[in-house]
Amino acid sequence: ARVMAINRIQDFDRACRVIYLSHDAKKAVEAFQYHVYDYLIKPVRPERLYQSLQSAVAEIQQPVHEMVVLKTVGGIYRLPVMDILYIESNLRVLHIHTRSAGILQKYEKLDVMGQNLPERYFLRCHKSWLINMIYVKGIVGNTFLMQNGQQIPIKANGAAGIKSGYRRFIEC
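Going along each chain's sequence as written, the residues are numbered from 1 onward. Selection of residues for local features in this predicted model requires a pLDDT of at least 70, selection of side-chain atom pairs for listing and counting requires 80 or more, and totals for whole chains, interfaces and linings are taken over all residues. The basis for every side-chain value is the complete set of non-hydrogen atoms in the structure, without hydrogens or water.

1. Quick look at the confidence of the model for the protein chain
The pLDDT value expresses, per residue, how confident the predictor is, ranging between 0 and 100. Across the protein chain, the average pLDDT comes to 87, with 93% of residues at 70 or higher. Where helices and strands are cited, they refer to DSSP runs of H or I of at least four residues and of E of at least two residues respectively, numbered from the N terminus. Ranking the helices and strands of the protein chain by mean pLDDT puts strand β12 (residues 151–153) first, with 97, and helix α1 (residues 2–12) last, with 74.

So this is what it looks like as structure tokens:
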């Protein structure tokens, strides 16, 4: 019943962010499979709920006018920057994971691509990964858990600084 409710809400309004509250921490993984925005364990501290609500509202209100032009293997794409979930680099081939265009491939160094994206949203968390912090659900150990279920590693050397950068982002 809960899953059906989440699906109905998201079918009605894709921009809607579902924040799930429960006593059962074991159901968090299942909830994230249905793309909930956040999962909070009861009793919820007011400041934690406020943080989650503030982050969800900020994500919904993100400016959509910032665009990036990607010359990819398959053609040229003009995408809103907020459409990029994360980018993975493998042997100078970038796999750009997007919300609307699937996975695009581009031959370029990750550093070069990163210079063309707004620093306030994108974080280099590993030599092979660049994430859009808007789509991070949380951090577990040295791993970012993305809203689409992808787990992205945080490099061991410098992990504290990367986590601190993400914390500053969510506190804004």
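2. Some thoughts on unusual backbone geometry
Omega for the bond connecting Lys42 with Pro43 falls within 30 degrees of zero, at -5°, which places this linkage in the cis form. We note that Leu91 has phi near 55°; this positive angle belongs to a residue other than glycine. By secondary structure assignment, the location of Leu91 is in the loop between β5 (84–90) and β6 (93–98). Here the term buried applies to any residue with accessible area under 20% of the maximum for its type, exposed to any over 50%, and partly exposed to those in between, with areas from a 1.4 Å probe on protein chains only. Relative accessible area serves as the criterion here: at 79%, Leu91 is assigned to the exposed category. Even without a glycine there, the phi angle at Arg92 is positive, about 65°. Looking at the secondary structure, you find Arg92 in the loop between β5 and β6.

3. Considerations on helix α5 (residues 159–171)
Here α5 spans 18 Å end to end across 13 residues, near enough to the 18 Å set by a 1.5 Å rise per residue. Within α5, burial applies to Ala159, Ile162, Gly165, Tyr166, Phe169 and Ile170. Angular distribution of buried residues about the axis of α5 spans 135°; they occupy a single face of the element. Those residues of α5 that are exposed and aimed more than 90 degrees away from the buried face are Ala160 and Glu171. An expected span of 1.5 Å times one less than the residue number is assigned to each helix. The arc in question is the one traced by the directions running from the helix axis out to the C-beta atoms.

4. Here's the deal with the pattern of salt bridges
For this document, the term salt bridge refers to a Lys or Arg side-chain nitrogen within 4 Å of an Asp or Glu carboxyl oxygen. Using the criterion set out here, one finds four salt bridges in the structure. In this structure, the salt-bridge partner of Arg45 is Glu47, at a minimum N-O distance of 2.8 Å. Look at Glu47 and you get partly exposed, because its relative accessible area is 48%. Taking the shortest distance from any N to any O, the salt bridge between Arg124 and Asp111 comes out at 2.3 Å. Separated by 13 residues along the polypeptide, Arg124 in strand β8 (residues 122–126) and Asp111 in helix α4 (residues 110–115) bring together distant segments of the chain. For Arg124, a relative accessible area of 31% corresponds to the partly exposed category.

5. Topic: the side chain of Asp83
Inspection of the secondary structure puts Asp83 in the loop between β4 (75–80) and β5. One buried charge, Asp83, has no salt-bridge partner; the nearest side chain with opposite charge is Arg99, at 4.4 Å. By definition, residues are in contact when any of their heavy atoms lie within 4.5 Å. Those residues in contact with Asp83 that lie beyond four places of it in its chain are His97, Thr98, Arg99, Ser100 and Ala101. By the counting scheme adopted, Arg and Lys are positive, Glu and Asp are negative, and His together with the chain ends is not counted.

6. Concerning helix α3 (residues 46–60)
With 15 residues, α3 should reach 21 Å at 1.5 Å per residue; the first-to-last C-alpha distance of 21 Å fits that figure. Of all the positions in α3, only Ser52, Ala56 and Glu59 are classed as buried. For α3, the arc enclosing every buried residue in end-on projection is 65°, short of the 170-degree limit, so these residues lie on one face. Exposed positions of α3 whose direction lies more than 90 degrees from the buried face are Pro46 and Tyr50.

7. Looking at the sheet that holds strand β9 (residues 129–132)
Strand-to-strand pairing in sheets goes through backbone hydrogen bonds, with the strands running parallel or antiparallel. The rule for pairing is simple: two strands pair if DSSP sees at least two bridges between them. Ordered in space as β7-β6-β5-β9-β8, the five strands form an open sheet in which the pairing is antiparallel. At either margin of the open sheet sits one strand with a lone partner, and together these are β7 (103–107) and β8. Neighbour-to-neighbour, the strand axes of this sheet turn through a mean angle of 20°, independent of strand direction. For β8 and β9, the ladder comprises four bridges, and the chain directions are antiparallel. Within β9, the residue paired with Phe122 across the bridge is Asn132. Between the N-to-C directions of two axes lies an angle of 0 to 180 degrees, each axis being a line fitted to C-alpha atoms and, for a helix, fitted only over the stretch in contact.

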